[in-house]
Amino acid sequence: MEKAIERQRVLLEHLRPSSSSSSHSFEGSLSVSYSPSLSLSRSIAISKLQDSGLFEYLFVHLIDLISTTTYMYIFSLTRFFELYQASACLAGDSAAYQRTSLYGDDVVIVAAHRTALCKSKRGNFKDTYPDDLLAPVLRALIEKTNLNPSDVGDIVVGTVLAPGSQRASECRMSAFYAGFPETVPVRTVNRQCSSGLQAVADVAAAIKAGFYDIGIGAGLESMTTNPMAWEGSVNPAVKKFEQAQNCLLPMGVTSENVAQRFGVSRQEQDQAAVDSHRKAAAATAAGKFKDEIIPVKTKLVDPKTGDEKPITVSVDDGIRPSTTLATLGKLKPVFKKDGTTTAGNSSQVSDGAGAVLLMRRSVATQKGLPVLGVFRTFAAVGVDPAIMGVGPAVAIPAAVKAAGLELDDIDLFEINEAFASQFVYCRNKLGLDAEKINVNGGAMAIGHPLGATGARCVATLLHEMKRRGKDCRFGVVSMCIGTGMGAAAVFERGDGVDELRNARKVESHGLLSKDAR
């Protein structure tokens, strides 16, 4: 018992404020008063406990429990006030922005890169093996950060069309090409068009859960190698369920359904495509994609002679700067005789890869790595398979709400342009400012390699946020998903926060948020 009392005294001495002006005694505030006049029955009970030795055992552990709990409570309060005095906290542009974790436990992105995206079957990657697309971006993450590849806890690759076991082997092979040791595991994930984003979210969740501190979320698709097709027969039971039947609808038919049900005109769709090509062409000319695109050394094979020509691919090859409403207006509908969905106002079928390096903020700080972005939230939702393109209109509000934000707080959006019909619908439904969406073009111009699109969008978003600096704090990546789903994730610019998680200097007032006004 004496040892327990001594431990409590030492602990209280450690907690004593350094200033002698404190008017409170820690010992006094934490001491327990016992009445000297115990009842006879209580005295007898205590006497028996003392005789058995159990009383001393219980008392020692009670003192330890009280001391430990008190220390943790006071330490937490002390740390809070130290941080508060260091920097007054103002909740930025968001009234309800939630601080849901310690600053050092933030999941951050320190690098995000992609290949150029090329037209399948006729673009610059038509003769490139899928594993040769993924390897360069994996290697770039290591080389540009000087990270020891053995420090990576897992590599998760989003991919859609290839047979599962084959693509899993190709991704493992890519890791070896890129210089990763055998100790670093690799797996794939498939949530259709959101697979690349799902890979990033899976890695972020694993880091948050403490499975590892560093991971890579990537995406890969060669639509040249693995075209969209259904293998085998369809279960006859599908005829009993309308929504199950609608999972089999061609994506273009779902686009027509969205256009018809929500009144999205052909002109609106064609204008969205023109804007996408215009912005992508301008971004390419200005060199805005150079920081995110990793050049890939590959080959082109002449289909007639078989001659091979070595090339280096560093530019998206599907962008058409000369696209106009007049040229698009000449294209015939593809999926419905009197429809509005054409090859010109749909996403391009493409080949490409992307990769994102994530880690715990404390690890990034320890390694001296600059933070490109912070992963905040992710949401996947289900919608009617017949109008699968509406997914972002449901997923974006869910992800933004989970971050404690409002749509007006988001400075940039990367919304995958699977089809102009669904892109226009989602933009209008959410009332988004067109100047904030796909500012460097989207999938109708750049391309949509299904499994890679999410990683591509993350890279494009974060590099654009970095360029814009303090005027751009929060960004969203979102896409619709075949069979009726949507996904979205919220990111924060890397240098947008300090240890108070969105503290900034208070100049005009001392309120914690605009809700207090």
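Residues numbered from 1 in each chain as written. Predicted model: local features only at pLDDT ≥ 70, side-chain atom pairs only at ≥ 80, totals over all residues. Heavy atoms only, no water.

1. Focus: the overall build of the protein
Rules: Each helix is a run of DSSP H or I of at least 4 residues and each strand a run of E of at least 2, with the numbering of both proceeding from the N terminus. The buried label goes to any residue with under 20% of its type's maximum accessible area, the exposed label to any with over 50%, and the partly exposed label to all in between, with areas taken from a 1.4 Å probe on protein chains only. Throughout, the Shrake-Rupley method with a 1.4 Å probe supplies accessible areas, and for residues the shown protein chains are the sole cover considered.
Broken down by element type, the protein carries 15 helices and 12 strands. Classification of the 517 residues of the protein by burial places 50% in the buried group. Carbon and sulfur atoms make up 55% of the accessible area of the protein, which amounts to about 24900 Å² in all.

2. Describing the nonpolar core
Stated formally: Throughout this description, the term nonpolar core refers to a set of buried Ala, Val, Leu, Ile, Met, Phe, Trp, Tyr and Cys residues connected via side-chain atoms within 4.5 Å. By the convention used here, residues are in contact when the closest approach between their heavy atoms is within 4.5 Å.
Formed by 47 residues in total, the largest nonpolar core has its most connected members in Leu134, Val152, Ile155, Phe180, Ile216, Leu357 and Met359. Considering each element in turn, this core owes the most residues, seven residues, to helix H5 (residues 130–145). Leave out the neighbours within four places in its chain, and valine 152 touches Ile142, Leu147, Phe180, Val184, Ile214, Gly215 and Ile216. Residues Ala399, Leu432, Ile437 and Phe474 belong to the second largest nonpolar core, which totals 35 residues.

3. Quick notes on the environment of arginine 493
We apply this condition: A 3.5 Å cut-off defines polar contacts: any pair of N or O atoms within that distance qualifies, except that in protein one atom must be a possible hydrogen donor and the other a possible acceptor, and neighbouring residues in sequence count only when both atoms are side-chain atoms.
Within the element layout of this structure, arginine 493 appears in strand S12 (residues 485–493). Filtering out sequence-adjacent residues up to four positions away, arginine 493 remains in contact with Leu372, Gly373, Val374, Met465, Gly469, Lys470, Cys472 and Arg473. In this structure the side chain of arginine 493 is engaged in a polar contact, spanning 2.8 Å, whose partner is the backbone oxygen of glycine 469.

4. Focus: the packing of helix H9 (residues 251–262) against helix H14 (residues 420–430)
Here is the rule: To obtain each axis, a line is fitted to C-alpha atoms, and for helices this fit is confined to the stretch in contact; angles are then taken between N-to-C directions over 0 to 180 degrees. Roughly parallel means an angle under 35 degrees; roughly antiparallel, over 145; roughly perpendicular, 65 to 115; everything else is oblique. Left-handed describes a crossing whose near helix is turned anticlockwise from the far helix through less than a right angle; right-handed describes the clockwise counterpart. We call Asp, Glu, Lys and Arg charged. Ala, Val, Leu, Ile, Met, Phe, Trp, Tyr, Cys and Pro are nonpolar, and the rest, Gly among them, are polar.
Where H9 contacts H14, the axes come no closer than 8 Å and their chain directions differ by 45°. Relative to H14, the element H9 is oriented oblique. Note on packing geometry: the crossing formed by H9 with H14 is left-handed. Contacts between H9 and H14 involve Ser255, Val258, Ala259 and Phe262 on the former and, on the latter, Ser421, Gln422 and Tyr425. For the contact of H9 with H14, the per-class residue count stands at four nonpolar, three polar and no charged.

5. Regarding helix H13 (residues 391–402)
As a reminder, the rule being used: A helix is expected to reach a length of 1.5 Å times the quantity of its residues less one.
Compared with the 16 Å implied by 1.5 Å per residue over 12 residues, the 17 Å span of H13 between its first and last C-alpha is a close match. Inspection of H13 places Gly391, Pro392, Ala393, Ala395, Ile396, Ala399 and Val400 among the buried residues, and these make up the whole buried set. The elements touched by buried residues of H13 are strand S9 (373–382), strand S10 (412–415), H14, strand S11 (474–481) and S12. Looking one or two residues past H13, glycine 404 carries a phi angle of roughly 75°, positive in sign.

6. Let's talk about the pairing of strand S3 (residues 154–158)
Selection rule: DSSP calls a pair of strands paired once it identifies at least 2 bridges connecting them.
In terms of burial, S3 is largely enclosed, as five of its five residues are buried. Pairing analysis gives five bridges linking S3 to strand S5 (residues 214–222), with the strands arranged parallel. Paired with valine 157 across the two strands is alanine 218, which belongs to S5. Here S3 runs beside strand S4 (residues 186–189); their pairing, made up of four bridges, is parallel. Across the sheet, valine 157 pairs through a bridge with threonine 188, a residue of S4.

7. Some thoughts on the pattern of salt bridges
Quick note on the threshold: Think of a salt bridge as a Lys or Arg side-chain nitrogen and an Asp or Glu carboxyl oxygen that are within 4 Å of each other.
The final tally for this structure, using the stated rule, is 20 salt bridges. When the shortest N-O distance is used, the salt bridge between lysine 299 and glutamate 308 registers 3.5 Å. A salt bridge links glutamate 464 to arginine 468; its shortest N-O distance comes to 2.8 Å. Here glutamate 464 pairs with arginine 468, and both are found in helix H15 (residues 453–468), just four residues apart, close to one helical turn. The exposure class assigned to glutamate 464 is buried, which follows from its relative accessible area of 4%. Since its relative accessible area comes to 37%, arginine 468 is described here as partly exposed. When salt bridges that share partners are traced, they join Asp106, Arg361, Arg376, Arg473 and Glu492 into one network.

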